[in-house]
Amino acid sequence: MEIIIVPDAQSGCAYAARMIEKLIVRKPKAVLGLATGSTPIPVYQNLIEKHQKNNLDFSQVTTFNLDEYLGLDPSHPASYRYFMRENLFSKINIPENQIHIPDGLAHDISAHCAEYEADILKAGGIDLQLLGIGGEGHIGFNEPSSSLTSRTRVKTLIPRTREDNKRFFKPNEEVPHHVLTMGIGTIMEARTIVLLAFGAAKAEAIARSLEGPLTARIPASILQMHQNTVVLLDEAAASKLEMIDYYRYVYENKCDWQRVK
Ligand code: GLP
């Protein structure tokens, strides 16, 4: 696990976008795993800019999103399909049939989840998975106590997540109780994982994920078992890490050829 402490969220997101750009240039048929929430929005803004100014080409890229609310229509502004269209897909040249987002209105949920897994395999697996983190350490919508080998399925949101995500819904609207999410096992098969966390509200979850014991209580702690994970944190999100000085030292003394420029 590579832990990089960046000056602010903007530079962390610019770093993640450069990783994605390098991947697409090296592999035009790259398969991206994408995340929603406020955290990755600047990554998507960077990618749109790279598409518009540097002709970064998404025409052969395939994407798989982590999750979606169960029962929410794709036209609902809080649905993740809507979010992705607004924040990325409508502004780059990716063909619609290469975009995959779990379907919260699927008639047969378990068949749909199995098909989602099969589609990831058919695409050759995920090259780079972008992740945010929930206040209780969730990745995707894999809440505490999720099986660490789980696959795409329905999950029940914990009250804190529903509270955190209330801001995306109108005041008179209920945040759904249920979601579809890639499993932790699904996420762990991505060849590279990039976890982004910014702000003090993420500090506890980050410390427990990166330095605490590996436990289903903190789903992101499983990333300690992944071979190629980069964690980008601002000072506030990194503030509860015991070994913060060591992570800085490692990054500063990295071989030049290992750097993402
Ligand atoms: C949601 C998403 C997660 C995301 C998390 C954090 O619950 N399902 O994928 O990481 O929110 O969101 P934010 O980035 O807005 O803090």
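The coordinates are above.
Note that this is a predicted model, so its numbers are computed, not measured. (Residues numbered from 1 in each chain as written. Predicted model: local features only at pLDDT ≥ 70, side-chain atom pairs only at ≥ 80, totals over all residues. Heavy atoms only, no water.)

**Q** Teacher, can you tell me more about the packing of aromatic side chains here?
**A** Working definition: an aromatic ring pair is given by the centre-to-centre distance plus the angle between the planes. Taken as a whole, this structure holds 6 aromatic pairs when the rule is applied. Ring centres of tyrosine 69 and phenylalanine 141 lie 5.5 Å apart, and the angle between their planes is 55 degrees; on these two criteria the pair is classed as tilted. Here tyrosine 69 is found in strand β4 (residues 67–69), whereas its partner phenylalanine 141 is found in the loop between β6 (128–131) and β7 (153–156), with 72 residues between them in sequence. Between tyrosine 69 and phenylalanine 169, the aromatic rings sit 5.4 Å apart at their centres with planes inclined by 85 degrees, giving edge-to-face as the arrangement. Of the two residues, tyrosine 69 sits in strand β4 while phenylalanine 169 sits in the loop between α5 (159–164) and β8 (178–181), which places them 100 residues apart along the sequence. The pair tyrosine 69 / phenylalanine 169 is uniform in exposure class, with both members buried. What links up through ring pairs into an aromatic cluster is the set Tyr69, Tyr80, Phe141 and Phe169. Across from the ring centre of tyrosine 251, 5.1 Å away, lies the NZ or CZ of arginine 259, which sits over that ring. (Phe/Tyr/Trp six-rings, centres within 6.5 Å; stacked < 30°, edge-to-face > 60°. Helix = DSSP H or I, 4+ residues; strand = E, 2+ residues; numbered from the N terminus. Buried < 20%, exposed > 50% of the residue type's maximum accessible area, 1.4 Å probe, protein only. Lys NZ or Arg CZ within 6 Å of the ring centre and 35° of its normal.)

**Q** Looking at this structure, how should I read the site of the ligand?
**A** Close contacts around the ligand come from 13 residues, with Ser38, Thr39, Asp67, Arg167 and Lys202 the closest. The side chain of histidine 138 places a nitrogen or oxygen atom 3.0 Å from an oxygen atom of the ligand. Take arginine 167: an N or O atom from its side chain is 2.7 Å from an oxygen atom of the ligand. Here the ligand has 390 Å² of accessible area as a free molecule, and 93% of this is covered by the chains. By residue class, the composition of the shell around the ligand is 3 nonpolar, 7 polar and 3 charged. (Near = heavy atom within 4 Å. Polar contact = N/O pair within 3.5 Å; in protein donor to acceptor, adjacent residues only side chain to side chain. Areas by Shrake-Rupley, 256 points an atom, 1.4 Å probe, with all protein chains shown as cover. Nonpolar A, V, L, I, M, F, W, Y, C, P; charged D, E, K, R; others polar.)

**Q** Explain the nonpolar core to me, please; I cannot follow it from the model alone.
**A** One broad rule of soluble globular proteins: the nonpolar side chains tend to lie buried together. Judged by nonpolar contacts, the single largest core of 36 residues is most densely connected at Val43, Leu47, Leu88, Phe89, Leu196 and Leu232. Of all elements in the fold, only α1 (9–26), β2 (31–34), α2 (41–54), α3 (80–87), β6, β9 (192–197) and β10 (229–233) reach the threshold of two or more residues within this core. It is α1 that provides the largest number of residues to this core, a total of 8 residues. Apart from the residues within four sequence positions on either side, leucine 47 is in contact with Ala17, Ile20, Leu56, Phe58 and Leu88. With 34 residues, the next largest nonpolar core counts Phe64, Leu66, Ile126 and Ile206 among its residues. (Core = buried A, V, L, I, M, F, W, Y, C linked by side-chain atoms within 4.5 Å. Contact = heavy atoms within 4.5 Å.)

**Q** Please clarify how the pairing of β2 should be interpreted in this entry.
**A** Here is the key point about a regular strand: its side chains alternate between the two faces of the sheet. Along β2, one buried face is formed by Val31 and Gly33 and the opposite face, lined by Leu32 and Leu34, is buried too. Here 4 bridges tie β2 to strand β3 (residues 62–65), and the two strands are oriented parallel to one another. Among the inter-strand pairings, valine 31 is bridged to a residue of β3, identified as threonine 62. As a crossover connection, the stretch from β2 through α2 into β3 is right-handed. Summarising the sheet, β2 and β6 pair through 2 bridges and their orientation is parallel. Looking at the pairing, glycine 33 lines up with glutamine 129 of β6. (Pairing = 2+ DSSP bridges. Right-handed = clockwise from strand over helix to strand, strands pointing away.)

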